[in-house]
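Observations on the three-dimensional arrangement
Spelled out, the chains give:
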Amino acid sequence: MTFPATRMRRLRATPALRALARETALLPADLVAPLFVTHGEAARRPIASMPGHAQLSVDEAVREAEALAALGVGGVILFGIPKTKDAVGSEGYAEDGIVPRALRAIKRSVPELLLWADVCLCEYTDHGHCGVVVNGRVDNDRTLPLLARASVAYAQAGADLIAPSDMMDGRVGAIRRALDESGNADTPIVAYSAKYASAFYGPFREAAESAPQFGDRRAYQMDPANANEALREVALDVEEGADMVMVKPALPYLDVIRRVKDRFQVPVAAYNVSGEYAMIRAAAERGWLDGERAALEALTAIRRAGADVILTYFAKDVAPLLSRSER
Ligand code: PBG
């Protein structure tokens, strides 16, 4: 049947009809808010390239987590800024490092909020790379035990999900074994499986003070031109024991999210990264677009592409605009 019998506009006529016909739901519980935790007390150091976000001392991170939980946001993912950096990223796997401290404090005050722990060495190494550097190269196999140690330290401190973002080969398997052997067999792994070498991480590197001091990350993160390779990465991570997989960044890689979702039966997360946030915020500040609507549209598009969960710096701003899920 074609026009005039078919009129696509019928179901668009009113808000109620549009709600009835809407294919994609976006709920606060689908969102995970990144937090940057730092040493000290009562500290909130604004991040210039990410308006609305700050490096938070543990007490402030607890307050932020309480506010996010009250809005129904599904979880937080923690990134740590260590007291000191060294060649092997020691604070990244120290049991009393900044992330374990924050995990314990948040778990104590908001036990119902899911705590994700990002696992990577780049915030903790003086060279800013995601692993141990040997002869000017990030050494894959020497990095694995350190990532495994960090994962165990975070699980012990109360992390509900372990999320390795380093892009070393074999890290999911190494982490799974270490978690199992340390009595953390029930802690799930969310693998940043398809993580691209992206220009959109710029603001994050200011926030986390984690920019590489030489070279770039192209020898371990993925080439933006590749999508079949993303499917291989996901397949390997699932085989190694990943419970969920992630595609990162999100908006420039919606095709990858969709292909992963169609091919695999694991939940898919997408990371709406710092540069994606900064672009919308900057344009909104200039009055070039409506920031709130742009953020909602972008997040809805990421869900529509197939993401079950979205890590996003917009979580706190958009949660009040979304209807609450039952929990
Ligand atoms: C750590 C890590 C990065 C991000 C998340 N985990 C940065 C990087 O790989 O350089 C980026 C997140 C963002 O840009 O919001 N490896």
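What this report covers is the structure whose coordinates are included nearby. (Residues numbered from 1 in each chain as written. Predicted model: local features only at pLDDT ≥ 70, side-chain atom pairs only at ≥ 80, totals over all residues. Heavy atoms only, no water.)

1. Here's the deal with the overall build of the chain
What counts, and what does not: A run of H or I in DSSP becomes a helix once it reaches four residues, and a run of E becomes a strand once it reaches two; helices and strands are each numbered from the N terminus. When we talk radius of gyration, it's over C-alpha atoms, and the globule rule is simply 2.2 Å times the number of residues to the 0.38. The buried label goes to any residue with under 20% of its type's maximum accessible area, the exposed label to any with over 50%, and the partly exposed label to all in between, with areas taken from a 1.4 Å probe on protein chains only. We get accessible surface area from the Shrake-Rupley algorithm with a probe of 1.4 Å; when it comes to residues, only the shown protein chains can shield them. Lys and Arg are tallied as positive, Asp and Glu as negative. Neither His nor the chain termini are counted. For the purpose of locating charges, the reference atoms are NZ of Lys, CZ of Arg, CG of Asp and CD of Glu.
Tallying secondary structure elements over the chain gives 11 helices and 12 strands in all. A globule of 327 residues ought to have a C-alpha radius of gyration of about 20 Å, and the chain, at 20 Å, matches this closely. Here the C-alpha coordinates of the chain stretch approximately 70 × 45 × 40 Å along the principal axes. Buried positions account for 55% of the 327 residues belonging to the chain. For the chain, the accessible surface area stands at approximately 14900 Å², while carbon and sulfur atoms represent 51% of it. Looking at charge distribution, the chain has the averaged site of its 39 positive side-chain charges lying 7 Å from that of its 43 negative ones.

2. Focus on the environment of leucine 35
Filter applied, for reference: It only takes one pair of heavy atoms within 4.5 Å for two residues to be counted as in contact.
Looking at where leucine 35 falls in the secondary structure, it is placed in strand β1 (residues 31-38). With 226 residues separating them in the primary sequence, leucine 35 and lysine 261 have C-alpha atoms 27 Å apart. Ignoring sequence-local partners within four residues, the contact set of leucine 35 consists of Leu56, Ala61, Glu64, Leu68, Val76, Ile77, Leu78 and Phe79.

3. Looking at the site of the ligand
Quick reminder of the rule: We call a residue near a molecule or strand as soon as one heavy atom of that residue lies within 4 Å of the molecule or strand. Polar contacts, as used here, are pairs of N or O atoms within 3.5 Å; protein pairs need one atom able to donate a hydrogen and one able to accept it. Residues neighboring in sequence count only if both atoms are side-chain atoms. The definitions used throughout rest on a 1 Å grid laid over the protein atoms alone, on which a cavity is an enclosed set of points accommodating a 1.4 Å probe that cannot get out and a pocket is an open set flanked by protein within 12 Å on both sides along at least five of seven lines; lining residues are those having an atom within 4 Å of a point. Think of it this way: if more than half of a molecule's atoms are within 2 Å of a pocket's grid points, that molecule is in the pocket or cavity. Think of it as three bins: nonpolar holds Ala, Val, Leu, Ile, Met, Phe, Trp, Tyr, Cys and Pro, charged holds Asp, Glu, Lys and Arg, and polar takes everything else, Gly as well.
In the neighbourhood of the ligand, 18 residues make up the surrounding shell, with Lys195, Arg205, Lys248, Ser274 and Tyr313 lying closest. Contact between the ligand and lysine 195: an oxygen atom at 2.7 Å from a side-chain N or O atom of the residue. Measuring from a nitrogen atom of the ligand, one finds a side-chain N or O atom of lysine 248 at 3.2 Å. In the complex, 100% of the free accessible area of the ligand, which totals 400 Å², lies under the protein chains. Judged by the proximity of its atoms to the pocket grid, the ligand belongs to the largest cavity. Each residue belonging to the shell around the ligand can be placed in one class, and the counts come to 10 nonpolar, three polar and five charged.

4. Thoughts on the layout of surface pockets
One water molecule sets the probe size; rolling that probe over the atoms shows where empty space is left. The condition that has to hold: Grid points are joined across faces, edges and corners, and a volume is the space filled by probe spheres set on the points.
Size it by volume and the largest pocket reaches roughly 390 Å³. Around the largest pocket sit 22 residues that line it, and Asn140, Met167, Met168, Ala219 and Tyr220 are the ones nearest its centre. Elements represented by at least two residues in the lining of the largest pocket include exactly β7 (137-139) and α7 (228-240). Tallying contributions element by element places α7 first for the lining of the largest pocket, with five residues.

5. So, the pairing of strand β5 (residues 114-119)
Selection rule: In short, DSSP must find at least two bridges between two strands for them to pair. Handedness is read with the strands pointing away from the viewer; a crossover is right-handed when the path from the first strand over the helix to the second is clockwise.
A large share of β5 lies buried, amounting to five of its six residues. Pairing geometry for strand β4 (residues 75-81) and β5, over four bridges, is parallel. Directly across from leucine 78, in β5, lies its bridge partner alanine 117. A crossover connection joins β4 to the parallel β5 through helix α3 (residues 98-109); in handedness this β-α-β unit is right-handed. Bridge count for β5 against strand β8 (residues 161-164) is four bridges, and the pairing is parallel. Bridge pairing links alanine 117 to isoleucine 162 in β8.

6. Brief notes about the packing of aromatic side chains
Defined as follows: The aromatic pairing rule takes the rings of Phe, Tyr and Trp, using the six-membered ring of Trp, and pairs them if the centres are within 6.5 Å, calling planes under 30 degrees apart stacked, those over 60 edge-to-face and the rest tilted.
One pass over the structure, following the stated rule, counts nine aromatic pairs. Between tyrosine 277 and phenylalanine 314, the ring centres sit 4.7 Å apart and the planes meet at 55 degrees, which makes this aromatic pair tilted. You can see tyrosine 277 sitting in helix α9 (residues 274-285) and its partner phenylalanine 314 sitting in the loop between β12 (309-312) and α11 (315-318), a full 37 residues away along the chain. Both residues of the pair, tyrosine 277 and phenylalanine 314, belong to the buried class. Members of the aromatic cluster, connected to one another through ring pairs, are Phe36, Phe79, Tyr192, Phe204, Tyr271, Tyr277, Tyr313 and Phe314.

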